[in-house]
Amino acid sequence: MEANGITHDSSLGAGRRDKREVGDKSMEDLSKYAHSPAHMAVARRDHASLRRIVSALPRLAKAGEVNTEAESLAAELKADEVSSVIDRRDVPGRETPLHLAVRLRDPVSAEILMAAGADWSLQNEHGWSALQEAVCTREEAIAMIIARHYQPLAWAKWCRRLPRIVASASRIRDFYMEISFHFESSVIPFIGRIAPSDTYRIWKRGSNLRADMTLAGFDGLRIQRSDQTFLFLGEGYVAEEGNLTLPPGSLIALSHKEKEITNALEGAGTQPTEAEVAHEVSLMSQTNMYRPGIDVTQAELVPHLNWRRQEKTEMVGNWKAKVYDMLHVMVSVKSRRVPADQQKSASELLKEDSGDNKKGKDKTIKKKKKKGASTEPKNESEYKKGLRPVLWLTPDFPLKTDELLPLLDILANKVKAIRRLRELLTTKLPLGTFPVKVAIPIVPTIRVLVTFTKFEELQPVEEFSTPLSSPAHFHDAKSKESEGSSSWISWMKGSRGGQSSDSDSHRYKDEVDPFSIPADYKWVDANEKKRRMKAKKAKSKKHKKQTVAKGGDGVNQDVEEE
């Protein structure tokens, strides 16, 4: 490695040269870490000192040791104290001590840090995690160490936070809410056929959360669709028949087409086997690294003005909102090629990359390929584009942003579209306002409109009722409902998009609890679900190639479940 002038070679001659170079620059290099004992110990390869530093830190709570909100808050304070020592990035290159261990090819330091709970996902100034750096610099031993630890660490972190999430959710008013995702274009006709719209239907009662959706995510014009429901059971679950009991904090996914149920957290707390770790690292080594990101640090809100030069207002559902352009928003996609000798199918992946960027999206990639820069250990390219989202902000929305965010956090890891929505809601907005509608450009001439179309408080549980839910999902109880409702007809036709009509908002006694688990659904192992999805993607990819070969338009809609 050439970073900071430090090199490393296994040969004796190179080793002597390495020592001389480090010795010549030791004062300059080590001074950068004088304020960070963990960095200093790693830079010196002083494993004994690093172990002493780690042993003096509070012990992180393990899964099952945190059960109350007070314990959760105390555990988070301890975790912050640990992180402030072993995850600090106030050094050149914004490297964590773990990044530094990767760069110095020091697996012993990497093991000490990961065993202490280091956050491998933190990014350096170039936007790469320590794991990505390890893979791209061929440090397989260190990549294995990180991959061996990160799943148990993530599970312990989730378990630490769970009591606080449950307690926070229970304090928020119970509600039913609808969020619509609608794609529109001024130049492409029938955009709805390429990118169908959807309405997320969300129920919150106590610390339980339900989200119905068919749009799992979107990336440009690639649409991931799945008719599914996510149930977060903060209070646990006991079936009326008594044949099913789930612990508090369970997260399950219901696939309605297949009538299947999956435990979304299945295996999350299991220590992976060495074979599984090796397989994970091998898969990462066979693909290029991508880092999508959005920079809103320089974002500025500029109000729309009407013909009287006054701030423009519009009604969004029941809420009066002011309209703003958000300027200086930058979206970037950074790619980094894993060295060719680590890729089993590098040529195919490079062809795919070339095809994705043919339309002038990223000329820098093409330029680097022509120069034959594949021998570079860090063959990186970046595509940047400025965006101008439009926001409709209202002070009257019943929920505050900081109340909604913990609820979205529950689903964000499983649903791409929720992650996108969460990114928008974390943008710094005027105090007391809520983005009740947002227009986001996703490709030139096409944007997605995210609109909070409905919010209704739910009655107490003993008199529980809810707006019309998914008749397809509650067909047994709702089959006797009148088909005069336009909402019912649209659901039967399979149309899930568009904004809700007034007929949707009628209330009735709910014959089926939206948090009940259908008795006729079958439980499916999460690994089996993954195997099916891989086979389905492979089949879809093969079909696309055949379509293009036959002269088709090549426009396909990806159907994925997350």
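Residues numbered from 1 in each chain as written. Predicted model: local features only at pLDDT ≥ 70, side-chain atom pairs only at ≥ 80, totals over all residues. Heavy atoms only, no water.

Peer 1: Explain the overall build of the protein to me, using residue names and the numbers behind them.
Peer 2: Secondary structure summary: the protein contains 17 helices and 20 strands in total. Burial statistics for the protein: of 562 residues in total, 45% are counted as buried. Counting contacts in the protein only where the partners sit at least 6 residues apart, residues at least 24 apart contribute 70% of the total. Surface exposure of the protein reaches about 29,300 Å², of which carbon and sulfur atoms provide 52%. (Helix = DSSP H or I, 4+ residues; strand = E, 2+ residues; numbered from the N terminus. Buried < 20%, exposed > 50% of the residue type's maximum accessible area, 1.4 Å probe, protein only. Contact = heavy atoms within 4.5 Å. Areas by Shrake-Rupley, 256 points an atom, 1.4 Å probe, with all protein chains shown as cover.)

Peer 1: Account for the UniProt feature "repeat: ANK" (unreviewed entry) in the protein, naming residues and giving values.
Peer 2: According to UniProt, the feature "repeat: ANK" (unreviewed entry) maps to residues 93–125 in the numbering used here. Between the C-alpha atoms that bound residues 93–125 the distance is 5 Å, and the span itself is 48% helix and 0% strand. (UniProt positions renumbered as here; feature names shortened; annotations may be inferred.)

Peer 1: I'd like to hear about the pairing of strand β11 (residues 313–316), residue by residue, with values.
Peer 2: Examined bridge by bridge, β11 and strand β12 (residues 319–327) share 4 bridges and lie antiparallel to one another. Bridge pairing in β12 places Val 316 opposite Trp 319. Hairpin connection, β11 to β12: the antiparallel pair is bridged by 2 residues, and Gly 317 has positive phi, about 65°. (Pairing = 2+ DSSP bridges.)

Peer 1: Any chance you could break down unusual backbone geometry for me, citing the residues and the numbers?
Peer 2: Glycine aside, a negative phi is what most residues show, and trans is what most peptide bonds show. The phi dihedral of Arg 45 falls on the positive side, at around 55°, and the residue is not glycine. For Arg 45, a relative accessible area of 36% corresponds to the partly exposed category. One non-glycine residue with positive phi stands out, namely Arg 138, at about 65°. For Arg 138, the location among the structural elements is in the loop between α7 (130–136) and α8 (140–171).

Peer 1: How would you summarise empty space enclosed by the protein if you had to cite specific residues and measurements?
Peer 2: According to the stated counting rule, one finds 2 cavities of 30 Å³ or more in the structure shown. Roughly 80 Å³ of internal volume is contained in the second largest cavity. Along its surface, the second largest cavity is lined by Ile 294, Val 296, Met 326, Val 329, Pro 389, Leu 391, Glu 423, Leu 424, Thr 427 and Val 438. (1 Å grid on protein atoms, 1.4 Å probe; cavity = no way out; pocket = protein on both sides within 12 Å on 5 of 7 lines; lining within 4 Å. Points joined across faces, edges and corners; volume = space filled by probe spheres on them.)

Peer 1: Got a sec to walk through the pattern of salt bridges? Specific residues and values, please.
Peer 2: In the structure shown here, the tally under the stated rule is 22 salt bridges. Taking the shortest distance from any N to any O, the salt bridge between Arg 148 and Glu 274 comes out at 2.7 Å. Taken together, the positions of Arg 148 in helix α8 and Glu 274 in helix α10 (residues 274–285) put the pair 126 residues apart, joining distant regions of the chain. (Salt bridge = Lys/Arg side-chain N within 4 Å of Asp/Glu carboxyl O.)

Peer 1: Help me get a handle on the sheet that holds strand β9 (residues 289–295), residues and values and all.
Peer 2: Taken together, 3 strands build an open sheet; the order of strands is β9-β13-β14 and the sheet is antiparallel. This sheet does not close on itself; its edge strands, each paired only once, are β9 and β14 (379–387). Mean inter-strand twist for the sheet, computed between neighbouring axes without regard to direction, equals 15°. Bridging between strand β13 (residues 329–337) and β14 involves 9 bridges; their strand directions are antiparallel. What sits directly across from Arg 336, in β14, is Glu 380. (Axes fitted to C-alpha atoms, helices over the stretch in contact; angles between N-to-C directions.)

Peer 1: Lay out the packing of helix α3 (residues 47–55) against helix α6 (residues 107–115) with the relevant residues and their values.
Peer 2: Relative orientation and spacing of two packed helices are given, respectively, by the angle between their axes and the distance between those axes. One can describe the packing of α3 onto α6 by two numbers: an axis separation of 10 Å at closest approach and a directional angle of 5°. Considering the angle they form, α3 stands roughly parallel to α6. The segment α3 lies against α6, with His 47, Leu 50, Arg 51 and Val 54 engaging Val 108, Ser 109, Ile 112 and Leu 113. Partitioned by chemical class, the residues of the contact of α3 with α6 number 5 nonpolar, 2 polar and 1 charged. (Parallel < 35°, antiparallel > 145°, perpendicular 65-115°, else oblique. Nonpolar A, V, L, I, M, F, W, Y, C, P; charged D, E, K, R; others polar.)

Peer 1: Provide a residue-level description of the pairing of β12, including the pertinent values.
Peer 2: Of all 9 residues making up β12, 7 are buried, and the element is well covered by its neighbours. Alignment of strand β10 (residues 300–303) against β12, held across 4 bridges, turns out to be antiparallel. Bridging from a neighbouring strand, Leu 301 pairs with Met 326 of β12. By the bridge criterion, 4 bridges tie β12 to strand β15 (residues 390–394) in an arrangement that is antiparallel. Considered in β15, the bridge of Asp 325 is made with Val 390.

Peer 1: Before we move on, could you go through the packing of helix α4 (residues 69–86) against α8 and cite the residues and values that matter?
Peer 2: As a packed pair, α4 and α8 sit with axes 8 Å apart at the nearest point and diverge in direction by 130°. Relative to α8, α4 is oriented oblique. Note that α4 runs across α8; the crossing there is left-handed. Contacts from Glu 69, Ser 72, Leu 73, Ala 75, Glu 76 and Ala 79 in α4 reach Arg 160, Arg 161, Pro 163, Arg 164, Ala 167 and Arg 171 in α8. (Left-handed = near helix turned anticlockwise from the far one by under 90°.)

Peer 1: Please give an account of the nonpolar core that cites residues and values.
Peer 2: Grouped together as the largest cluster of nonpolar side chains are 62 residues, with contacts concentrated most on Met 177, Ile 179, Phe 397, Leu 404 and Phe 452. A domain-level breakdown of this core finds at least three residues from each of domain 1 (31–168) and domain 2 (172–337 + 381–457). When sequence neighbours within four positions are dropped, the list of residues in contact with Ile 179 reads Asp 198, Thr 199, Tyr 200, Ile 202, Leu 421, Val 450, Thr 451, Phe 452 and Thr 453. Of all hydrophobic cores here, the second largest spans 43 residues; its members include Val 42, Val 82, Leu 100 and Met 114. (Core = buried A, V, L, I, M, F, W, Y, C linked by side-chain atoms within 4.5 Å. Domains from an automatic or database assignment.)

Peer 1: Residue-level account of α4, with values.
Peer 2: For α4, with 18 residues, the first-to-last C-alpha span of 26 Å sits near the 26 Å given by 1.5 Å per residue. Restricting attention to buried positions, one finds in α4 the residues Ser 72, Ala 75, Glu 76, Ala 79, Val 82 and Ile 86. An end-on view of α4 places all buried positions within 125° of arc, on one side of the element. With respect to the buried face of α4, the exposed residues turned more than 90 degrees away are Ala 70 and Leu 77. Contact partners of the buried residues in α4: α5 (97–103), α6 and α8. (Expected span 1.5 Å × (residues − 1). Arc of directions from axis to C-beta.)

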